[in-house]
Amino acid sequence: MEGGAYGAGKAGGAFDPYTLVRQPHTILRVVSWLFSIVVFGSIVNEGYLNSVSEEEEFCIYNRNPNACSYGVTVGVLAFLTCLLYLALDVYFPQISSVKDRKKAVLSDIGVSAFWAFLWFVGFCFLANQWQVSKPKDNPLNEGTDAARAAIAFSFFSIFTWAGQAVLAFQRYQIGADSALFSQDYMDPSQDSSMPYAPYVEPNTGPDPAGMGGTYQQPANAFDTEPQGYQSQGY
């Protein structure tokens, strides 16, 4: 069950890209990776506007630089996090220690849930600032499609990251039910440090003389006449 609980293939097995791309959590990581590109790419390219009366650019979200900075920062960090965990998915079948696999799955749960929360905050923040934006700040409606796209894909990212957390938790539950989860497993047939158990002959008592279990017939074992007694004739 170890391979099924913590990734495709057995520990130490060869990397199989076909199996990797079919895993649901890997698919969600790729989707989240693409969504993060859309969010920070939209804001970087079209999220800042120029005004005739002002020399400096301003954020399209209600002139609030924190809104644009938050969207770009979360998008870039989510992009890097997806790459990190995609690399972990590739390396995961090579991890032989069950304890290390447990740590990887637990980190996946925590990180995915954390990013779902950050995307929820980002969606609410960007949507609110977009709602209160003044039309006079952007009379030509420049970058409005990009601004809406960043908000929409921030919303979608909540569910992709939450889905990753749920799938990671399911993998953890499967591993918790496995006997291999609580301790490092080693195949006894491959453990050269474990000697074979000595063979003990049944019905053999202790060997005080150190004869190595050699059987000796006790003296007078079949002598029916008690020792020390001799019959006398009358």
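Predicted, not measured: the structure shown is a model, and the values here were computed from it.

If you had to explain the nonpolar core to someone new, which residues and values would you point to?
Within soluble globular proteins, side chains that are nonpolar generally end up buried alongside one another. Counting 23 residues, the largest nonpolar core has Ile43, Tyr61, Trp115, Trp119, Leu126 and Trp161 as the members making the most contacts within it. Those elements that place two or more of their residues in this core are helix H3 (24-46), strand S2 (58-59), helix H4 (65-91), helix H5 (98-131) and helix H6 (144-176). The element contributing the most residues to this core is H4, with 6 residues. Setting aside chain neighbours within four positions, we find Leu126 in contact with Ile43, Tyr61, Ala67, Ala150, Ile151 and Ser154. Phe92, Val105, Ile109 and Ala168 belong to the second largest nonpolar core, which has 6 residues in total.

Any details on the packing of H4 against H5? Residues and values, ideally.
It is at 10 Å that the axes of H4 and H5 come closest, and there the two elements cross at 160°. Overall, the two elements H4 and H5 adopt an arrangement that is roughly antiparallel. Where H4 crosses over H5, the handedness of that crossing is left-handed. Where H4 approaches H5, its residues Asn66, Ala67, Tyr70, Val74, Gly75, Leu77, Ala78, Thr81, Tyr85 and Leu88 are matched on the opposing element by Ala104, Ser107, Asp108, Val111, Trp115, Leu118, Trp119, Val121, Gly122, Phe125, Leu126 and Gln129.

Can you break down the UniProt feature "transmembrane region" (unreviewed entry) in the protein residue by residue, with the values?
Using the residue numbers shown here, the UniProt feature "transmembrane region" (unreviewed entry) corresponds to residues 30-49, 69-88, 109-130 and 150-169. In this annotation, residues 30-49 is assigned 85% helix and 10% strand; the end-to-end C-alpha distance for the span is 31 Å. Segment residues 109-130 splits into 100% helix and 0% strand. End C-alpha atoms: 32 Å apart.

Tell me about a nonpolar patch on the surface, and name the residues and values.
On the surface, a cluster of nonpolar side chains totalling about 310 Å² of accessible area is made up of Val76, Leu77, Leu80 and Leu83. For Leu83, the location among the structural elements is in helix H4. Judged by relative accessible area, which is 39%, Leu83 ranks as partly exposed.

Definitions and cut-offs
- In this convention, every chain numbers its residues from 1, walking through the sequence in written order.
- With the structure being a predicted model, the display of local features is reserved for residues of pLDDT at least 70 and the display and counting of side-chain atom pairs for 80 or more, all residues being used for whole-chain, interface and lining totals.
- Computation of side-chain values covers all heavy atoms of the structure but excludes hydrogens and water.
- What makes a nonpolar core is a set of buried Ala, Val, Leu, Ile, Met, Phe, Trp, Tyr and Cys residues whose side-chain atoms join them at distances within 4.5 Å.
- We call a residue buried when its accessible area falls under 20% of the maximum for its residue type, exposed when it is over 50%, and partly exposed in between, using a 1.4 Å probe and counting protein chains only.
- A run of DSSP states H or I qualifies as a helix once it reaches four residues; a run of E qualifies as a strand once it reaches two. Both are numbered from the N-terminal end.
- Contact between two residues is taken to exist if any of their heavy atoms lie within 4.5 Å; hydrogens are not considered.
- Only the stretch in contact is used when a helix axis is fitted, and all axes are lines through C-alpha atoms; the angle between N-to-C directions ranges over 0 to 180 degrees.
- Working definition: roughly parallel below 35 degrees, roughly antiparallel above 145 degrees, roughly perpendicular at 65 to 115 degrees, and oblique for all remaining angles.
- Here is the rule for handedness: rotate from the far helix to the near one, and if that takes an anticlockwise turn smaller than a right angle the crossing is left-handed, while a clockwise turn gives right-handed.
- UniProt positions are given in the numbering used here, feature names are shortened, and annotations may be inferred rather than shown by experiment.
- Distance thresholds for patches are 9 Å for like charges and 5 Å for nonpolar side chains (Val, Leu, Ile, Met, Phe, Trp, Tyr), applied to residues having over 30% relative accessible area and no salt bridge.
- Note on areas: Shrake-Rupley, 1.4 Å probe, and residue coverage restricted to the protein chains presented here.
- Take a side-chain nitrogen of Lys or Arg and a carboxyl oxygen of Asp or Glu: if they are within 4 Å of each other, that pair is a salt bridge.

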